[in-house]
Amino acid sequence: MPVKIDSEYGQIEITNEVIAKVVGMATTQNYGVVGMASKKQIRDGISEILKIENYTRGVVVRNEEGRVIVDVYIMVNYGTKISEICRNVQNSVKYDLSKYLGVFANVVNVFVQGIRHEEQ
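Reference entry: report on the structure contained in this document. (Residues numbered from 1 in each chain as written. Predicted model: local features only at pLDDT ≥ 70, side-chain atom pairs only at ≥ 80, totals over all residues. Heavy atoms only, no water.)

1. Overview of the overall build of the chain
Next, step 1: Helix and strand counts for the chain stand at three helices and seven strands.
Next, step 2: Start at the N end of the chain and walk to the C end: the helices and strands fall as β-β-α-β-α-β-β-β-α-β.
Next, step 3: Burial statistics for the chain: of 120 residues in total, 38% are counted as buried.
Next, step 4: Carbon and sulfur atoms form 50% of the exposed surface of the chain, whose accessible area is close to 7300 Å². (Helix = DSSP H or I, 4+ residues; strand = E, 2+ residues; numbered from the N terminus. Buried < 20%, exposed > 50% of the residue type's maximum accessible area, 1.4 Å probe, protein only. Areas by Shrake-Rupley, 256 points an atom, 1.4 Å probe, with all protein chains shown as cover.)

2. Considering the packing of aromatic side chains
Each aromatic ring pair is summarised here by two numbers: the centre-to-centre distance and the angle between the ring planes.
Next, step 1: In total, this model carries one aromatic pair according to the counting rule given.
Next, step 2: Arranged with centres 4.9 Å apart and planes meeting at 15°, the rings of tyrosine 73 and phenylalanine 111 form a pair that is stacked. Highlighted residues: tyrosine 73 in strand 6 (residues 67-77) and phenylalanine 111 in strand 7 (residues 107-116), separated in sequence by 38 residues.
Next, step 3: Given the relative accessible area of 34%, phenylalanine 111 is considered partly exposed. (Phe/Tyr/Trp six-rings, centres within 6.5 Å; stacked < 30°, edge-to-face > 60°.)

So yeah, pure geometry; function would need other evidence.
In structure tokens:
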């Protein structure tokens, strides 16, 4: 269900796929995030890191009773503080949605699907 914004010139509808792309871009720019993970671990494989064109598979956007709820599935880098990464993801997702789309995310849930050890 798209998010609808009323303006003085009419109505704007932003689809969940557009919101998911912005969320994916905001998420992957955070330090410690290796990439987006699939929300369907069994079907897609837990170790799969999604490429930029598949970010929507790692994000779930729901519009419940006028509230926007975002679920983000990520892979993090080994040796980083996971709670801090998740807090940064929540803040950047809320900020980018507000800045670029004018959408306020009421809830941003972050699910860490795995840890990757980056080889030097």
